[in-house]
Amino acid sequence: MDEKASPTLLPNVPEYSVGEISRAIKRTLESDFRQVRVRGEITGFKRAGSGHLYFRLKDDEAVLDACCWRSSAARLTIAPEDGLEVVCVGRISAYSGRSSYQLIVDSIELAGEGALLKLLEDRRKRLAAEGLFDEARKRALPFLPDVIGVVTSPTGAVIRDILHRLRDRFPRRVLLWPVLVQGEDAAAQITAAIEGFNRLPERGAVPRPDVLIVARGGGSLEDLWAFNEEAVVRAAAASSIPLISAVGHETDFTLIDYAADRRAPTPTAAAEMAVPVRSELLARVLDGSARLEGATGRFLDHRRDRVAGLARGLPDPVSLIETAAQRLDDRSERLQVAIANLLERRRAMTAECGARLRHPRDQIAAKRQELVSCVRALDGAARNAVAAIGARYDRLGAEHRLANGIARLLRDCAGRIEKEGRLLESYSYRGVLARGFALVRDGEHALGSVEEAKPGMGVTVTFHDGDVGATIDGPDPGKEKPARQVSRPKPPVRQGSLF
Amino acid sequence: MAETDAMDSVATMSFEEALAELESIVTKLEQGRITLDEAIGSYERGAALKRHCEGKLREATEKVEKIALGPAGSISTEPMDPA
């Protein structure tokens, strides 16, 4: 009946049931896409309780469901998370019950190192902003740890290198916490190991390490990825036991290096940081010990020498006493002699004084004799003195010389007065008048210039033989001679001033 | 009594502290600026510190163990052959 109703349908096309066609599609998909590599960004990632991983890959055109079974998930080298650009290797599988298909992922690799590095840098910045890498959080390593905890793989070169270098420097008790250092579970194991060491009690059956070394050998960025995982970094930052990170080679840097208290470039270097060199310390102790002995010996010797030296400086007490006794003997002898001498000298002086004493009667007679001779001498001397004065007076002839002297003195004076009078007369203005000049006066005032001679003024004109009254007429009419006449009184004025 | 205390305190000192004090005692003695009594006391303490340091250095024995996790999360150690 289908054939009649739908003549356009090809009669020779086989008819499928839904189940048949679904199976056919599944078969085709799974055979044609048995091994594919798909590049995309992870989104909607979730880990189911069963351990299977479910997510989707997307790009700007389409979305593809993906699933990673637990067995494959454990072998992944990276931990998938949203936003990661990855290349998934797997096969396409169809799920007929819902008409859907999905990628069954066997392995995941990062799409490119650039993407991974960007993820790493973003994570580093975020954790740094939280203060996890602050210098202030870093603790000093113990100088000589008793127990060293090592978190690394139990096999391989890393643990051997660490133990070897520890043995060389200073053999210590080492606790190895074996972990995977690569793969899906590595981060969780490393985190558990760091936290497990920190949880050990101070004096428990398992000794608590004094320092931790978290180590891994070199590898690619993906190989070392576990040490970039946030849980590992946080555990390292939170560790109360000082922690040394030693992941990869010198040039490899992982986030745990930022959170560790010290970063060692290699596992061997971590061992060197963890312990000092025993032989050097032994040498230092022995050196200190030898110096202690030497210094103590010298200290005591020096003081012993000083005591001996000072003792030599002390004088002999017996000789001190002998000297003193001798001095005492000497002084007592001199004392005896001195007293005897003193008494003898006093006795002699007394006898001498006694001998010089005379009777008062004799003394009075002697003094009287002395007095008489003095009186006589005085009498004679007075007589002689009077006679000598009289003789000197006579020799002077005083009366006659005095009279002559006075007469001569008077004569001299008279002569000098006469001479001075003449001199005076010759200096007088009257002499000028005698030569024919006249003096014009207004009262007592001598006129000295024409200005003083006012017209009508009454004046006195003095000639050598007397005065005459006159009146000033006025300015000079004749110009020549009277002017000379009036100006002539000048000399008398000057002369007048001489008086 | 006080001396015994002082000697006891040496026993609990870290190697680093003991070595540092030994060196400071030696320097003090070498400079000779201490009294005789102090010198005797310092020598005795220096000798104790030296014994302590030597003891710490003698303890240098290698022992390598591996952490073993028990079923209930218990932690024990087992000897490990340091390959």
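These notes cover the structure that comes with them.

So, how was this worked out
- Residues numbered from 1 in each chain as written.
- Chains lettered and ligands numbered in written order.
- Predicted model: local features only at pLDDT ≥ 70, side-chain atom pairs only at ≥ 80, totals over all residues.
- Heavy atoms only, no water.
- Helix = DSSP H or I, 4+ residues; strand = E, 2+ residues; numbered from the N terminus.
- Rg over C-alpha atoms; globule rule 2.2 N^0.38 Å.
- Buried < 20%, exposed > 50% of the residue type's maximum accessible area, 1.4 Å probe, protein only.
- Lys, Arg positive; Asp, Glu negative; His and termini not counted.
- Charge placed at Lys NZ, Arg CZ, Asp CG, Glu CD.
- Axes fitted to C-alpha atoms, helices over the stretch in contact; angles between N-to-C directions.
- Parallel < 35°, antiparallel > 145°, perpendicular 65-115°, else oblique.
- Left-handed = near helix turned anticlockwise from the far one by under 90°.
- Contact = heavy atoms within 4.5 Å.
- Nonpolar A, V, L, I, M, F, W, Y, C, P; charged D, E, K, R; others polar.
- Phe/Tyr/Trp six-rings, centres within 6.5 Å; stacked < 30°, edge-to-face > 60°.
- Lys NZ or Arg CZ within 6 Å of the ring centre and 35° of its normal.
- Expected span 1.5 Å × (residues − 1).
- Core = buried A, V, L, I, M, F, W, Y, C linked by side-chain atoms within 4.5 Å.
- Domains from an automatic or database assignment.
- Pairing = 2+ DSSP bridges.
- Polar contact = N/O pair within 3.5 Å; in protein donor to acceptor, adjacent residues only side chain to side chain.

### A few points about the overall build of chain A
A tally of helices and strands in chain A yields 16 helices and 14 strands. Taking 23 Å as the expected radius of gyration for a compact globule of 499 residues, we find that chain A reaches 78 Å, considerably beyond that expectation. Along the first, second and third principal axes, the C-alpha atoms of chain A reach 220 × 135 × 30 Å. Put simply, chain A has 499 residues, and 31% of those count as buried. Placing the 75 positive and 69 negative side-chain charges of chain A at their respective mean positions leaves the two points 13 Å apart.

### Details of the packing of helix 10 (residues 278-313) of chain A against helix 2 (residues 15-31) of chain B
Packed helices, taken two at a time, are described by their axes: the angle between them and the distance between them. Look at helix 10 of chain A against helix 2 of chain B: their axes get within 9 Å of each other, and the N-to-C directions meet at 30°. Taken together, helix 10 of chain A and helix 2 of chain B sit at an angle that is classed as roughly parallel. In this structure, helix 10 of chain A crosses over helix 2 of chain B, and the sense of that crossing is left-handed. Contact with helix 10 of chain A, carried on its side by A:Leu281, A:Arg284, A:Val285, A:Gly288, A:Ser289, A:Arg291, A:Leu292, A:Ala295, A:Thr296, A:Arg298 and A:Phe299, involves B:Phe15, B:Leu19, B:Leu22, B:Glu23, B:Ile25, B:Val26, B:Thr27, B:Leu29 and B:Glu30 of helix 2 of chain B and no other residues of that element. The residue inventory of the contact of helix 10 of chain A with helix 2 of chain B, partitioned by class, reads 11 nonpolar, 4 polar and 5 charged.

### What about the packing of aromatic side chains?
Residue and element names in this part refer to chain A. Applying the stated rule across the entire model yields 5 aromatic pairs over all chains. Centroid distance Phe45 to Phe55: 6.1 Å. Interplanar angle 40°. Geometry classified as tilted. Of this pair, Phe45 sits in strand 1 (residues 36-47) while Phe55 is found in strand 2 (residues 53-58), placing the two residues 10 residues apart along the sequence. Cluster of aromatic residues (ring-pair linked, three or more members): Phe133, Phe253 and Tyr258. Positioned over the ring face of Tyr258 is Arg124, at 5.5 Å from the centre of the ring. The side chain of Arg303 reaches across the aromatic face of Phe299, ending 3.4 Å from its centre.

### Examining helix 5 (residues 157-169) of chain A
The periodicity of an α-helix, 3.6 residues per turn, causes residues three or four places apart in sequence to face the same way. Taking 1.5 Å per residue, 13 residues should reach 18 Å; helix 5 of chain A reaches 18 Å between its end C-alpha atoms and fits that length. Summarising the contacts, the buried residues of helix 5 of chain A are in contact with strand 6 (147-152), strand 7 (173-178), strand 8 (211-216), helix 9 (267-274) and helix 10 of chain A together with strand 1 (63-69) of chain B.

### A look at the nonpolar core
Within the largest apolar cluster, 60 residues are counted, with the highest numbers of intra-cluster contacts made by A:Val86, A:Leu103, A:Ile190, A:Ile194 and A:Phe197. Looking at which domains feed residues into this core, each of domain 1 (18-111) and domain 2 (134-275) of chain A gives three or more. Look past the residues within four positions of A:Leu103 in its chain and what remains in contact with it is A:Val36, A:Val38, A:Leu57, A:Leu64, A:Asp65, A:Ala66, A:Cys67, A:Cys88, A:Gly90, A:Arg91 and A:Ile92. Ranked by size, the runner-up nonpolar core spans 46 residues in total, among them A:Val150, A:Leu292, B:Ile34 and B:Leu57.

### Details of the sheet that holds strand 11 (residues 439-442) of chain A
Within a beta sheet, neighbouring strands are joined by backbone hydrogen bonds and run either parallel or antiparallel to one another. Residues and elements named next belong to chain A. Judged by pairing direction, the sheet is antiparallel, and its 4 strands sit side by side in the order 12-11-13-14 without closing on themselves. The open sheet is flanked by strand 12 (445-446) and strand 14 (466-471), the only strands paired with a single partner. With 2 bridges joining them, strand 11 and strand 12 adopt antiparallel strand pairing. Among the inter-strand pairings, Asp442 is bridged to a residue of strand 12, identified as His445.

### Quick notes on the side chain of A:Arg123
Residue and element names in this part refer to chain A. Among the structural elements, Arg123 can be located in helix 4 (residues 113-129). Judged by relative accessible area, which is 5%, Arg123 ranks as buried. In this structure Arg123 touches Glu81, Trp225, Asn228, Glu229, Glu230 and Leu255, once residues within four positions along its chain are discounted.

### Examining unusual backbone geometry
Residue and element names in this part refer to chain A. Despite not being glycine, Ser99 has its phi angle at roughly 55°, a positive value. Here Ser99 is to be found in the loop between strand 4 (85-95) and strand 5 (100-110). We classify Ser99 as exposed; its relative accessible area is 70%.

### Side note on the environment of A:Arg173
Following the sequence through the fold, A:Arg173 ends up in strand 7. Sequence separation of A:Arg173 and A:Asn198 is 25 residues, and the distance between their C-alpha atoms is 17 Å. The contacts of A:Arg173, once residues within four sequence positions are left out, are A:Asp146, A:Val147, A:Ile148, A:Pro207, B:Thr61, B:Lys63 and B:Glu65. A polar contact of 2.7 Å, which involves the side chain of A:Arg173, links it to the side chain of B:Glu65.

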